[in-house]
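# A closer look at the structure
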Amino acid sequence: MNTSAEKSLSVLIKEKAHDLGFDLCGIAPSKILKEHEPIIKKWCSSGMNGDMNYLGQNLEKRINPGLLVPGAKSVIVTGLNYFTGKKQGGNGIPVISRYAYGVNYHDVIKVKLNMILEYIKLISPEAEGKSFVDSAPIIEKAWARESGLGWPGRHSILINNKIGSFFFLGVIILNIDLDYDEPFSEDHCGTCRLCIDSCPTGAINENRTIDVRRCIAYLTIESKATIPKDLVPKMENRVFGCDKCQDVCPWNSNAKPHKNPEFELPEEIRQITAEEWHNLTREQFNTLFKRSAIERRTYERFMQNVTIVTKFSS
Ligand code: SF4
Ligand code: SF4
């Protein structure tokens, strides 16, 4: 039974998250996500994690928040919308995924999560915790479901029934009890298979996992290997990430634009012509993407994507 103090702190945390611009905030009791261990092991042993070997490592930590924050009691999950209707690309211009249009989301969200953490400590000085944005072995999607934010679609991305799936997840693990949301137990995909049928490279498995070796997002951002020749013609000019499975999802048909100007594509990038993309210098790359998630790819690897993908894409 949660106390009234825990309830009112939970309300204040959600209000604070809302004030900081988060679109979603849910809270789950910390626990060991035992059921995810065999799924991750099977996925990794089948090789579908590509060269992201780290996903199969630290499994104990990955499923147990108590190994990241001693005495973990609560997991707060936030969602921050990054949807924009303004698309980039066309006329042979290399296509970038929406999530990388603006400032690196890690930086934006980490600051906001730390502000929530500080706020909690002001009210409850005994609270200790850590905030995470893709920065530790955490199964964010599982915690988002546990905290009531939504369900994983067939494309394996979390969907919220009010804002769709174009949002970033952030996590705070805390050592104090709070008032908890119900896990989201429903599945609103129904008989829909649009994402599976629309994926240009056939990367989506029937069991809601992705074969990253075929996924454009992985191939253009994470992979250290050269993009397989047979997949290049199917990539439709995508050089950094891919939104196709989310674009076709009916749950995104009414997605509202985000309210964060930092996530917009700067005009100087929108105006780059196809020819200019091909002749981008290292200095221009460093200047244009100084604060962007695109910096995760080196200049050489990014330009390799531009050259290979736009030359042979259909
Ligand atoms: S991101 Fe693109 S390539 Fe990857 S699963 Fe979705 S549609 Fe397929
Ligand atoms: S496109 Fe259809 S199957 Fe895929 S995630 Fe959306 S609702 Fe689910």
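As the structure is a computational prediction, the values presented were derived from the model and not from experiment.

Procedures and definitions
- Residues numbered from 1 in each chain as written.
- Chains lettered and ligands numbered in written order.
- Predicted model: local features only at pLDDT ≥ 70, side-chain atom pairs only at ≥ 80, totals over all residues.
- Heavy atoms only, no water.
- Domains from an automatic or database assignment.
- Buried area = accessible area lost by both parts, 1.4 Å probe.
- Salt bridge = Lys/Arg side-chain N within 4 Å of Asp/Glu carboxyl O.
- Polar contact = N/O pair within 3.5 Å; in protein donor to acceptor, adjacent residues only side chain to side chain.
- Nonpolar A, V, L, I, M, F, W, Y, C, P; charged D, E, K, R; others polar.
- Helix = DSSP H or I, 4+ residues; strand = E, 2+ residues; numbered from the N terminus.
- Phe/Tyr/Trp six-rings, centres within 6.5 Å; stacked < 30°, edge-to-face > 60°.
- Buried < 20%, exposed > 50% of the residue type's maximum accessible area, 1.4 Å probe, protein only.
- Pairing = 2+ DSSP bridges.
- Core = buried A, V, L, I, M, F, W, Y, C linked by side-chain atoms within 4.5 Å.
- Contact = heavy atoms within 4.5 Å.
- Near = heavy atom within 4 Å.

### Some points on the domain arrangement of the protein
Parsing the protein into structural domains produces domain 1 (4–84 + 97–174) and domain 2 (194–254 + 266–312). Distance between the C-alpha centres of domain 1 and domain 2: 25 Å. Carbon and sulfur atoms make up 54% of the area that domain 1 and domain 2 hide from each other, which totals about 2800 Å². The largest per-residue losses of area from domain 1 upon contact with domain 2 belong to M48, R154 and H155, which jointly make up 22% of the total buried on that side. In this structure, the connection of domain 1 to domain 2 is made through two salt bridges. Residues R98 and D243 are paired through a salt bridge, measuring 3.6 Å at the closest nitrogen-oxygen approach. At the junction of domain 1 and domain 2, the tally comes to 13 residue pairs in polar contact (both at pLDDT 80 or more). A per-class count over the side of domain 1 that touches domain 2 returns 16 nonpolar, 14 polar and three charged.

### Remarks on the environment of L9
Inspection of the secondary structure assignment puts L9 in helix 1 (residues 4–19). Along the primary structure L9 and S135 are separated by 126 residues, whereas in three dimensions their C-alpha atoms are 26 Å apart.

### Comments concerning the packing of aromatic side chains
Per the stated rule, a full pass over the model turns up 15 aromatic pairs. Ring centres of W151 and F184 lie 5.7 Å apart, and the angle between their planes is 20°; this geometry places the pair in the stacked category. With a gap of 33 residues between them, W151 in strand 5 (residues 151–152) and F184 in the loop between strand 7 (167–174) and helix 6 (194–198) connect regions that are remote in the sequence. The two residues W151 and F184 agree in class, both being buried. Taken together, the aromatic side chains of Y82, F83, Y99, Y105, F166, F168, F240 and F263 make up a single cluster linked through ring pairs.

### Some remarks on the pairing of strand 1 (residues 24–29)
With respect to burial, strand 1 is a largely interior element, five of its six residues being buried. In this sheet, strand 2 (residues 74–81) lies alongside strand 1 in antiparallel orientation, the contact comprising six bridges. What sits directly across from I27, in strand 2, is I76.

### Focus on the side chain of D211
Positionally, D211 belongs in the loop between helix 6 and helix 7 (216–222). Relative accessible area serves as the criterion here: at 9%, D211 is assigned to the buried category. A distance of 2.9 Å separates the side chain of D211 from the side chain of R213, its partner in a polar contact.

### Things to note about the nonpolar core
Where a protein is soluble and globular, its nonpolar side chains tend to be buried together. Within the largest apolar cluster, 98 residues are counted, with the highest numbers of intra-cluster contacts made by I76, Y99, I120, L174, F240, W277 and F302. Per-domain counts for this core show at least three residues from each of domain 1 (4–84 + 97–174) and domain 2 (194–254 + 266–312). For W277, the contacting residues outside a window of four places in its chain are Q88, I93, P94, I96, I269, I272, F289, F302, M303 and V306. Listed in part, the five residues of the second largest apolar core include I159, F184, C189 and C249.

### Looking at the site of ligand 2
Taken together, the neighbourhood of ligand 2 is formed by G153, R154, H155, I159, C189, C192, L194, C195, C249, P250 and W251. Residues that form the shell around ligand 2 fall into these classes: eight nonpolar, two polar and one charged. Each of domain 1 (4–84 + 97–174) and domain 2 (194–254 + 266–312) contributes no fewer than three residues to the shell around ligand 2.

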